[in-house]
Amino acid sequence: MSEIKIPVSSPKLGEEEQKNVIECIKSSWISAQGPYVREFEKAFSSYCGVKYGISTSSGTTSLHLALAALGLGPGDEVIIPSFTMVATANSVRYTGADIKLVDSEPDYWNIDVTKIEEKITPRTKAIMVVHTYGHPVDMDPVMEIARRHNLKVVEDAAEAHGAEYKGRRAGGIGDCGCFSFYANKIITTGEGGMIVTDDEELANVAGNMRAHSFSEDQHFWHRRVGFNYRMSSLQAAVGMAQIERLDNYVQNRRRNAQIYNSWLGKIPGIKLPPEASWAKSVFWMYSILIEDEFGLSRDKLMERLEAKGIETRTFFFPLHIQPIYAERFQGEEFPVADYIARQGMNLPSGNTLTEEEIETVSKAIKDSRS
Ligand SMILES: *Cc1c(COP(=O)(O)O)cnc(C)c1O
């Protein structure tokens, strides 16, 4: 392995983060009781255009907590895309509910909304959409289907901080949205997550279950099984500094995508990441498909870039082929998910990426064909 010179993603932290963390330590309010937690919840939920934020220890725990607070359990079913990160599915399984998979649409690689209804059964309780790689899902038809079948809509917005659907922020459209603040996400708290919602009841239940489900009338008295999924004030202190940078990060990522597009657009066999007219993508990953015309397979291209110190990633392996889930989906077909998983790759996309690095990566891709 050669040394990585241009990483896929690396977080960008500065003096504000340091200042907040030091202040947090000096005050000795470092647990979830510290003031930064409430402040961060308020700032991020209002950024998403909704009233309530329930911070958590990770994106995965925010998804599980949301589903648990919605009352999901054994015997229920949740519809999700096959093409997603495994945590989307696992969070459903933690509740005991089953996953039903839907193929992707070929344009933005999100759940194919036209194929959701055929997967609905009397057991279906929720649809969980994923704003893949930062491009929002076409939410209007999803909300319409959910209304017609009396289903909840959870947005897995772990990759889509700041993305917009028809002017509304991702995560703020469904019954709730769930975010991750892992180090490679658009903003980070190291590890962390948040549910955002306008539903007061859901916010209260999730807030209670997040911290052991203590009873309001009697401490150490528990009427339902809770979790410890709290975010610490140290993490929220970093989050408060990061949220100040969020608009700037989104702008940079959109600019970087345009620069990549202008370098790679003329190379045959490369399919660029599209953006719908109704969408503002945040390009969490700058993702391309390497098609036959390119003349070199995706995997070969990745090897050649790696030799030059350029780190890349394959797309996710879809859930229907994962060893933990494949058996349940034998006989079902997900041709688009299969295709994009085979041809897709993520180029360096992080918050520290420079224009010169984009040029280096783009030229290396061009040169790799000869
Ligand atoms: C990152 C991610 C998660 C999980 O977030 P963690 O903070 O790592 O638990 C869930 N869903 C999607 C789509 C993700 O990209």
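Residues numbered from 1 in each chain as written. Predicted model: local features only at pLDDT ≥ 70, side-chain atom pairs only at ≥ 80, totals over all residues. Heavy atoms only, no water.

(A) Geometry of the site of the ligand. The immediate surroundings of the ligand are formed by 16 residues, with Thr-60, Asp-156, Glu-159, Ser-180 and Lys-185 found nearest. Between Asp-156 and the ligand, the recorded distance is 2.8 Å, taken from a side-chain N or O atom to a nitrogen atom. Contacts to the ligand include Ser-180, whose side-chain N or O atom sits 2.6 Å from an oxygen atom. With the chains in place, 91% of the 380 Å² that the ligand exposes on its own is no longer accessible. The set of elements that each furnish at least two residues to the shell around the ligand consists of helix H3 (59-69) and helix H4 (86-94). Per element, the largest residue contribution to the shell around the ligand is three residues, and it comes from H3. Looking at the shell around the ligand residue by residue, the class counts come to six nonpolar, seven polar and three charged. (Near = heavy atom within 4 Å. Polar contact = N/O pair within 3.5 Å; in protein donor to acceptor, adjacent residues only side chain to side chain. Areas by Shrake-Rupley, 256 points an atom, 1.4 Å probe, with all protein chains shown as cover. Helix = DSSP H or I, 4+ residues; strand = E, 2+ residues; numbered from the N terminus. Nonpolar A, V, L, I, M, F, W, Y, C, P; charged D, E, K, R; others polar.)

(B) Quick peek at empty space enclosed by the protein. What the rule picks out here adds up to three cavities of 30 Å³ or more. In this structure, the largest cavity encloses a volume near 70 Å³. As for the largest cavity, its lining consists of Tyr-108, Trp-109, Thr-132, Tyr-133, His-135, Pro-273, Pro-274, Ser-281, Phe-283, Met-285 and Ser-287. Looking at side-chain class alone, the lining of the largest cavity contains seven nonpolar, four polar and no charged residues. (1 Å grid on protein atoms, 1.4 Å probe; cavity = no way out; pocket = protein on both sides within 12 Å on 5 of 7 lines; lining within 4 Å. Points joined across faces, edges and corners; volume = space filled by probe spheres on them.)

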